[in-house]
Amino acid sequence: MTFKPKIIVFCCNWCAYAGGDLAGISRYQIKPYFRVIRTMCSARVDPEWIMEAFRLGADGVMVAGCHPGDCHYIGGNYRTRRRIALLRCLLGQFGLNQERLGLAWISAGEAEKFATTMNDFIECITELGPSPYRKTTADTQSAGLAKEAADV
Amino acid sequence: MHFKRARVCDVYKRETILQKDHKMGTQKNSDSELIVKYAPETGEVAEEEFDMVVLSVGLEPSERQRRLASRLGIRLDPNGFIWTNSLRPLETSRPGIFIGGTASGPKDIPETVIQASGTAGKASQLLVEVRGTLTLEREFPPEKDVSEQEPRIGVFVCHCGTNIGSVVDVPATAQYAKSLPYVVYAEDNLYTCSQDTQDHIREMIAEYNLNRVVVASCSPRTHEPLFQQTLCEAGLNPHLFEMANIRDQCSWIHMNRPQDATEKARDLVRMAVAKVALVEPLAAASLDVTPSALVIGGGLAGMTAALSLAKQGFEVVLVERQKQLGGTLKDLRSIFAEPNVRAYLQQIKEHVQKHKNIALYTSTEVESVEGFVGNFESTLKTGSKEKMVKYGVIIVATGGNEHKPDEYLFGQDKRVITQLQLEDLLSCTEPLSGVKTLVMIQCVGSREQEHMYCSRVCCSTAVKNALKIKELSPEAEVYILYRDIRTYGFNEEYFQAARDKGVIFVRYEADNKPKVTNKGALKLTVHELLLDRELVLEPDLLVLSSRIDPDSGNEALAQMLKVPMNEDGFLLEAHVKLRPVEFATEGIFVAGLAHSPKSMAETIAQAEAAAAKACTIISKDKYKAEPTIAAVNEDLCDGCGICVPVCEYNALEIADRPGGKEEEKIVQINEAMCKGCGGCVAACPSGAMEQKGFKNEQMLAMIKASLVD
């Protein structure tokens, strides 16, 4: 059975989420293996949430916000960028491949970029295989062998 | 990227036959190249192949505009654009009809947005008497207190016609919703946003005593306000509501995968239910507003803004540092469209001095600014006297000034002057007696190390003064040494006129500036690029087009107001294109040279726009803050202050803990200034900071619900 990744995407209200809406309006077709959680600004996304998501079995987490310089709240996305960069460095210590955490800048008008980013990320996570944190053996078994490379 | 100065002679396709089929006598595989033939500034005519040629075309008025102008009875200019007067850039030839944007001439986005706000302000000035008379206040029933109740969630899943229903199994999703914790009612609707369904939702809220609602349909960016209003009408706080986007971000993007789309819809509903179970009622703070304004600076921008606000019925405190009003405008004599700027200045000064709504303070400085939008307080200092004033908004119009050059012998030789000094000179009697040769140098102190910006108006000023000189003294030789000629918009026509009148334009490059010596007569040497020779001139008068500097007080003022400056020392707006007259800090606006070098027309438009924007705050009784703002758990906060620099809006301050021991600190949140981004919440190391409506426990519940069924 093919592995169906579980991916959470945090989208900021003003850019990334709006880009997602536009992707829908434009009928871009995207693989269904992601769930969007909306915040007002990507700077609201707490690194703790991301770790909790991985702990509960997420195979991939993406944070999407406004392009640098265009943040609706002026400079929120600069904080996001630094936090995610730092968190990525720490993922290896938790036994997770850094590639499982993604960061993207998607503006409200970038419908195609939203679709491409999601599809590409889903493909990347599919290749990485299920997260080593997947709870049940049935889960890991049915998903095939995990290709985990822990970069410490 | 290569930058080449050249005149394009031709653009053509060159066909090459790559293969000839001798048997058939036909041509096979011909290829074509795109060739540009051009004459560079120096050297031979050349041809070069390119993959693509992009033409920078101009803007022209449409035929429809001509017809519209005729119907409206407003004048067109010779180019077919809507005519305006430089000193009244937002008015057409007919009173009561205002204009902005490219209809009145080519311009970029910031100028268009500025003019748009300005025209709204002009219109508003005419409607002062009737402001608010057509406004209706919506009445809602009193909000029920649900704080003691367990969540009772109602879920409404929408078909949206076939938009959702043809992909997602909507009835099954509604059925599934019933199985979720705290859901006491669930149904599916054809169109949840229809009036019928709104009425029905209100009935269900009453019948099932619902205290939370989830709507699974389109994007919250589409209909959240609509559904929130329905909740208000049913006596529920509008924040006891969540949406699941099962259309734009589900059925529409997974059109051929109904099973996956349905599974996703279930997950999204489960996530929304998990969050809404934990949300609390929220109220936006409603603050009093002082319906008056402080305008800092009594130049063209300051006076224009003050008059605009005064005409709209608001009290204005206008503060000017110098003894006289006018700022840089005092030094101008004429502009292209208006030969008597002095008269204009006199007129506007009188209007300001006479207007009953304007309290004018000259020789006065602003010592301090305390407070926040709608509620500011300042100390003004005039000599040794101090005065306290309260007001709701601030317009910063502190201006700029002509930089005094430190090159080309300026300050060392009386014959070397600036454009403003030239203007003064030209208004005297017999100003050019003894002046046979006059040379102007453009871009003095501009577009080079440390001051890379262009001062925008100097090319137009030079051309204007050159034309005046030719008028007064046709035999005088006038040279303009330039790097680029930027007589933008309709001023290009004056540039052509200057050339026709015999003004000689000589281009120089930044790395080979003209050299000036004065052993006796002034001697100027410049490398003439077309002739590839040194040109030696002996000007009787050397005029320098010097850059515009921001006011020296900007740095101190920026700190006082907590607004940013750009790298050149001008005050930085919230967004170059979309918010060109305001700062990120709410309630503070900017206009004129304080923002950037600009013409009189541009200054007037920006001042009108700043006043118009300021009015959106002081025309209301109350200022409504955001409801989804930061809130601190006072038990957990130890005043570490990590959150403070994260806030872009200066809404956070570390203060002494009230009633606490000595040295105990805590963060204080200004509810009017917090815009609800949540950046401080993620930064807080102790978990003391929260964002209402996006609390950690709510978001973690959503995350869990997305991964665990």
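As the structure is a computational prediction, the values presented were derived from the model and not from experiment.

What follows concerns the sheet that holds strand β11 (residues 358–361) of chain B. Residue and element names in this part refer to chain B. Ordered in space as β11-β10-β9-β15-β26, the 5 strands form an open sheet in which the pairing is parallel. The sheet terminates laterally at β11 and β26 (588–590), the two strands that pair on one side only. Strand-to-strand twist of the sheet, defined as the mean angle between neighbouring strand axes without regard to direction, takes the value 20°. Bridging between strand β9 (residues 292–296) and strand β10 (residues 315–319) involves 5 bridges; their strand directions are parallel. Bridging across to β10, Leu294 finds its partner in Val317. Contacts from helix α8 (residues 300–311) reach β9, β10, β11 and β15 (393–396) within the one sheet, and its direction differs from that of β10 by about 165°.

As a further point, take unusual backbone geometry. All names here are of chain B. The backbone phi angle of Arg456 is positive, close to 65°, even though this residue is not glycine. Turning to its location among the elements, Arg456 is positioned in the loop between β18 (437–444) and α11 (458–472). On the basis of relative accessibility, which here comes to 26%, the residue Arg456 falls in the partly exposed class.

Right, let's talk about the sheet that holds strand β13 (residues 375–382) of chain B for a bit. Sheet strands pair via backbone hydrogen bonds, and the direction of the pair is either parallel or antiparallel. Residues and elements named next belong to chain B. Across the sheet, which stays open at both edges, the 3 strands sit in the order β12-β13-β14 with antiparallel pairing between neighbours. Two strands lie at the open edges of the sheet, namely β12 (364–372) and β14 (385–391), each paired on one side alone. Each strand axis lies, on average, 20° off the axis of its neighbour in the sheet, ignoring direction.

It is worth spelling out the interface of chain B and chain A at this point. Contacts between the two partners involve 47 residues from chain B and, on the opposite side, 47 residues from chain A. Interface of chain B and chain A: buried area, both sides summed, is about 3900 Å²; carbon and sulfur atoms make up 57% of it. The tally of links between chain B and chain A comes to 5 salt bridges. A salt bridge links Arg38 of chain A to Glu224 of chain B, with the nearest nitrogen and oxygen atoms 3.6 Å apart. Viewed at the interface, chain A and chain B are joined by 23 residue pairs in polar contact (both at pLDDT 80 or more). Secondary structure elements with two or more residues in the side of chain B that touches chain A: α5 (220–233), α6 (247–251), α7 (258–276), α15 (679–683), β31 (689–691) and α16 (696–707) of chain B. Per-element accounting of the side of chain B that touches chain A gives the leading share, 8 residues, to α16 of chain B. In the side of chain B that touches chain A, the residues fall into 21 nonpolar, 13 polar and 13 charged.

Bringing the pairing of β12 of chain B into the picture now. Residue and element names in this part refer to chain B. Alignment of β12 against β13, held across 8 bridges, turns out to be antiparallel. The residue of β13 that forms the bridge with Glu365 is Lys381. Between the antiparallel neighbours β12 and β13 lie 2 residues, among them Gly374 with a positive phi of about 85°.

Residues and elements named next belong to chain B. Domain boundaries in chain B define domain 1 (6–55), domain 2 (153–276), domain 3 (292–401 + 550–622), domain 4 (404–546) and domain 5 (630–691). Here the C-alpha centroids of domain 3 and domain 5 sit 33 Å apart. Tallying the contact residues gives 6 residues for domain 3 and 6 residues for domain 5. In total, about 550 Å² of surface goes out of reach between domain 3 and domain 5, with carbon and sulfur atoms giving 63% of it. On the surface where domain 3 and domain 5 come into contact, there are 1 salt bridge. Among the ionic pairs, Glu586 bridges to Lys675, the shortest N-O distance being 3.1 Å. Connecting domain 3 to domain 5 are 2 residue pairs in polar contact (both at pLDDT 80 or more). By residue class, the composition of the side of domain 3 that touches domain 5 is 3 nonpolar, 1 polar and 2 charged.

Our next topic: the packing of α8 of chain B against helix α9 (residues 341–354) of chain B. Residue and element names in this part refer to chain B. Interhelical geometry of α8 versus α9 gives an angle of 45° and a closest axis separation of 10 Å. Classified by the angle between their axes, α8 and α9 sit oblique to one another. Both α8 and α9 take part in a crossing whose hand is left-handed. Contacts from Leu300, Met303, Thr304 and Leu307 of α8 reach α9 at Tyr344, Leu345, Ile348, Lys349, His351 and Val352. The residue makeup of the contact of α8 with α9, split by class, is 7 nonpolar, 2 polar and 1 charged.

Under the criterion given, the structure shown has 43 salt bridges over all chains. Arg79 of chain A is paired through a salt bridge with Glu648 of chain B; the nearest N and O atoms lie 2.6 Å apart. With Arg79 of chain A in helix α3 (residues 76–91) and Glu648 of chain B in the loop between β28 (630–632) and β29 (652–656), this pair bridges two chains. The salt bridge partner of Asp656 of chain B is Lys665 of chain B, with a shortest N-O separation of 2.7 Å. The exposed category is assigned to Asp656 of chain B, whose relative accessible area is 52%. Sharing partners across several salt bridges, the network here consists of Arg88, Glu91, Lys122 and Glu608 of chain B.

The next thing to look at is the packing of aromatic side chains. All names here are of chain B. Under the counting rule described, the total for this entry stands at 12 aromatic pairs over all chains. Ring centres of Phe227 and Phe241 lie 5.9 Å apart, and the angle between their planes is 40°; this geometry places the pair in the tilted category. Of the two residues, Phe227 is situated in helix α5 and Phe241 in strand β7 (residues 241–245); the sequence distance between them amounts to 14 residues. Each member of the pair, Phe227 together with Phe241, is buried. Taken together, the aromatic side chains of Phe156, Tyr185 and Tyr208 make up a single cluster linked through ring pairs. The ring centre of Trp83 lies 4.1 Å from the NZ or CZ of Arg75, which sits over that ring. Cation over ring: Lys275 sits above Phe694, and NZ or CZ is 4.2 Å from the ring centre.

Procedures and definitions
Residues numbered from 1 in each chain as written. Chains lettered and ligands numbered in written order. Predicted model: local features only at pLDDT ≥ 70, side-chain atom pairs only at ≥ 80, totals over all residues. Heavy atoms only, no water. Pairing = 2+ DSSP bridges. Helix = DSSP H or I, 4+ residues; strand = E, 2+ residues; numbered from the N terminus. Axes fitted to C-alpha atoms, helices over the stretch in contact; angles between N-to-C directions. Contact = heavy atoms within 4.5 Å. Buried < 20%, exposed > 50% of the residue type's maximum accessible area, 1.4 Å probe, protein only. Buried area = accessible area lost by both parts, 1.4 Å probe. Salt bridge = Lys/Arg side-chain N within 4 Å of Asp/Glu carboxyl O. Polar contact = N/O pair within 3.5 Å; in protein donor to acceptor, adjacent residues only side chain to side chain. Nonpolar A, V, L, I, M, F, W, Y, C, P; charged D, E, K, R; others polar. Domains from an automatic or database assignment. Parallel < 35°, antiparallel > 145°, perpendicular 65-115°, else oblique. Left-handed = near helix turned anticlockwise from the far one by under 90°. Phe/Tyr/Trp six-rings, centres within 6.5 Å; stacked < 30°, edge-to-face > 60°. Lys NZ or Arg CZ within 6 Å of the ring centre and 35° of its normal.

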